[in-house]
Amino acid sequence: MAVSTLTRTAAQERRRRGIIAAVFLVPAFVLFCLFFLGPAGLGLLYSFTDYRGYGDLEFVGLSNYQQLFADSEFYTALGRTIIYTVVSVPVGYFLALLVSALLVARSAKGKTVAQVIFFFPWLVSPIVTGVIWRWLFGESFGLVNYLIDGVGLSPLKWAQDPNLALAVVIIAGSWGGTAGTMLLFMAAIKNIPTSYLEAAELDGAGPVTRFVKIVWPLLAPTSFMVILLGTIGAMKEFAMIQALNGGGPGTSNVLIVQYIYKTGFERSEIGYASAASMILMVILLIIAVIQTRFDRSDLN
Amino acid sequence: MRSMPRAIGATTLLWVLALAFLFPVLWFLLSSFKPGSELFTWPLQLFPRDWTLSGYRTAWARFDFAQYFLNTFLVAVITTILTVFVSACTGFALAKYRAWWIQGFFLCILATTMLPTEVIMPSTFAVILGLGMYNTLAGIIVPSIVTATGIFMLRQYFRTVPDELLEAARIDGAGEFRIFFTLMLPIAKPIIAVLAIFSFQWRWNDYIWPLLVLNDQEKYTLQLALRSIVGAENIDWSVLLSASVISLLPMIALFLIFRRQIMNADINSGLKD
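In this text, all values refer to a predicted model and were calculated from it rather than measured experimentally. (Residues numbered from 1 in each chain as written. Chains lettered and ligands numbered in written order. Predicted model: local features only at pLDDT ≥ 70, side-chain atom pairs only at ≥ 80, totals over all residues.)

> How do you make sense of the overall build of chain B when you look at a structure like this?
Counting its regular elements, chain B contains 14 helices and zero strands. If you list the helices and strands of chain B from N to C, you get α-α-α-α-α-α-α-α-α-α-α-α-α-α. For 273 residues, the compact-globule estimate of 2.2 N^0.38 gives 19 Å, and the C-alpha radius of gyration of chain B, at 23 Å, exceeds that figure by more than 25%. Taking the intrachain contacts of chain B between residues at least 6 apart in sequence as the baseline, contacts between residues at least 24 apart amount to 77%. (Helix = DSSP H or I, 4+ residues; strand = E, 2+ residues; numbered from the N terminus. Rg over C-alpha atoms; globule rule 2.2 N^0.38 Å. Contact = placed C-beta atoms within 7 Å.)

Next comes the structure, spelled out in structure tokens:
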């Protein structure tokens, strides 16, 4: 008798706590539905219509997708985005790793000040980052070409050559992205037990060997996260390029999110832009699934 | 003996990199103090020949910076408060209550990092329009409240709080909401500080939502105002450089005040947003 009362109250208590948990989760759930699930569903719906942002929408079946697969501008945007991602993610990763390694190196001097310098770009918005690098790499007025000219070489066409323009984007992106990644690495390095490193030191391992053989492998979970988030971040790069060169010269460096923005908002082809969004979502999903396969860390 | 060359090597490499990181900002900052004529006169010089604030004065006079500051500040502060509160509620529930649907919701939140909303902006815009938030500051605040990073940070933090502490409070007769407000929120202060700083920075520097949502110039945030200068047919560099520097000042102040919290933030759980 007493036992059954007790279990009933335990079950009631569980239910009561479930309700309380639901109350705590309501705000996030509502916002999640409104600004994630809703738009995703709506986007899927729009992608099968000729919606232009006003008036009625008419279903056009798969025609947006068929058109998209034949759209050379879309392929260029996608191709450029992939090139940008494939180059900028490893560059950003190793740059941040090198900076973090130096910032924990016992023998390096002036680390506190250097850390502030490396961190500074974190404060700078993507738009201002674009401005800073546009100013430096201006074709006819920038300091870089001035210096190139000064050593007797011919100035480079940073704005007119699509590949050089993309190179500037990659440099600016790495400059802006290092700080955040560095914070992640430094936090992870701090959590590595010093006894591991002391043991290696007793065995005669130098600082470089210690970092490469012990610290770096132990950073694997952080590395996984940095690469995954870096990839997603690069795939959706938009603001910095807006200020840096607007996707130029011409439309040669229009990346995929800018392409979606242009078709959806400047040309007001919401249906068509939504189809492009859906394809980008599928690509991101595939990237996430592939990368999670390599993940040895457990988010829990 | 062996460590001398090593120290020189590490220090040199560190400082070569640091100067490479510093130089673009230095050039940008020093250029903003040059008069317009000097910006494009060769030979270029690192330091201005005549130091001047004329770029700043023109920028301040030509654009309604006070308004942009106010707008950006309002958006950043309100969003940050809401983000912290919602992340704390959600993180607490995800960490301390167990049910299959709670786990399921956690996975949904994580999925939002993999599939960011920028990607589906045409339809998100339609939702904002449908909610009557077009061309209002609320239209940039409300969609930005939920961030996977914030929820994840708080969840990880609350998981480190022992369950016994909750049980003890329950035995003392405290209700779940009282436990949350009087026990859990104060415990989470350090991580809340970190999230608040991060959130403020995200919102201060945000570009894509203001671009989509705001139409009237008087509602512009700083980033949009800067974009309108840099997007002009003929860029007025003198104004652009000064305006960009002005937009940075609050972030620099934030950094100077909270340097310790930012640099020591244990964000191994920290995603970027």
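> Looking at this structure, how should I read the overall build of chain A?
Within chain A, the regular secondary structure consists of 13 helices and zero strands. Relative to the 2.2 N^0.38 estimate, which gives 19 Å for 300 residues, the radius of gyration of chain A is 25 Å and therefore markedly larger than a compact globule would have. By principal-axis analysis of the C-alpha atoms, chain A measures approximately 95 × 70 × 30 Å. Here chain A, with 300 residues, has 43% of them falling under the buried criterion. Expressed as a percentage of contacts within chain A between residues at least 6 apart in sequence, the contacts between residues at least 24 apart total 70%. (Buried ≥ 20, exposed ≤ 12 C-beta atoms within 10 Å, placed from the backbone.)

> Whenever I open this one, the nonpolar core confuses me. Can you help?
Looking at soluble globular proteins, one finds that nonpolar side chains tend to be buried together. Counting residues in hydrophobic clusters, the biggest one holds 155 residues, and the most contacted among them are Phe118(A), Ile256(A), Ala276(A), Phe92(B) and Leu154(B). Looking at this core element by element, the count peaks at 13 residues for helix α7 (residues 162-190) of chain A. Apart from the residues lying within four places of it in its own chain, the contact partners of Ile256(A) are Ala77(A), Leu78(A), Thr81(A), Met235(A) and Leu280(A). (Core = buried A, V, L, I, M, F, W, Y, C linked by C-beta atoms within 7 Å.)

> What should I look at first to understand the environment of Leu212(B) in this one?
Mapped onto the elements, Leu212(B) comes out in helix α12 (residues 208-213). The exposure class of Leu212(B) is buried, given the 22 C-beta atoms found within 10 Å.

> Can you help me understand the interface of chain A and chain B in this one?
Frequently, the measure chosen for interface size is the accessible area removed from exposure when the parts meet. In this complex, chain A contributes 78 residues to the contact, which on the side of chain B involves 75 residues. The leading source of residues in the side of chain A that touches chain B is helix α1 (residues 2-46) of chain A, at 20 residues. Classifying every residue of the side of chain A that touches chain B gives 60 nonpolar, 15 polar and three charged. (Nonpolar A, V, L, I, M, F, W, Y, C, P; charged D, E, K, R; others polar.)

> Can you help me understand the confidence of the model for chain B in this one?
If pLDDT is low for a region, its predicted coordinates should not be looked at in detail. All names here are of chain B. Residues at a pLDDT of 70 or more form 96% of chain B, whose mean pLDDT is 88. Per-element mean pLDDT across chain B ranges from 78 in helix α2 (residues 36-39) up to 95 in helix α4 (residues 65-96). Interface confidence for the predicted complex, given as ipTM, is 0.90, next to a pTM of 0.89. (pLDDT = per-residue confidence, 0-100.)

> What exactly am I supposed to notice about helix α9 (residues 207-218) of chain A here?
One turn of an α-helix holds 3.6 residues; hence residues three or four places apart share an orientation. Residues and elements named next belong to chain A. Helix length check: α9 (twelve residues) gives 15 Å between terminal C-alpha atoms against 16 Å at 1.5 Å per residue, within 8%. Pro 207, Arg 210, Phe 211 and Val 215 are the residues of α9 that are buried. Considered in projection along α9, the buried side chains sweep an arc of 95° and stay on one side of the axis. Across from the buried face of α9, at angles greater than 90 degrees, the exposed residues are Lys 213 and Pro 217. (Expected span 1.5 Å × (residues − 1). Arc of directions from axis to C-beta.)

> Could you clarify how one ought to interpret unusual backbone geometry in this entry?
What is expected of a backbone is that most residues other than glycine have negative phi and most peptide bonds are trans. Even without being glycine, Ser268(A) reaches a positive phi, approximately 55°. With respect to the secondary-structure elements, Ser268(A) resides in the loop between α12 (256-266) and α13 (270-294). Even without glycine at this site, Asn135(B) takes up a positive phi of about 60°. Along the chain, the position of Asn135(B) falls in the loop between α6 (121-130) and α7 (138-141). Here Asn135(B) falls in the partly exposed class, since 14 other C-beta atoms lie within 10 Å of it.

> What exactly am I supposed to notice about α6(B) here?
All names here are of chain B. A large share of α6 lies buried, amounting to seven of its ten residues. Regarding α6, the residues found buried are Met 121, Pro 122, Ser 123, Thr 124, Phe 125, Ala 126 and Ile 128. Where α6 ends, the next residue or the one after it, Gly 132, has phi of about 70°, a positive value.

> Quick question: what am I supposed to make of the environment of Phe158(B) here?
All names here are of chain B. Looking at the element boundaries, Phe 158 is found in helix α8 (residues 148-159). For the pair Phe 158 and Phe 92, spaced 66 residues apart in the sequence, the C-alpha separation amounts to 6.0 Å. If we skip the residues at most four places from it in the chain, Phe 158 touches Gly 91, Phe 92, Ala 95, Lys 96, Met 184 and Ala 188.

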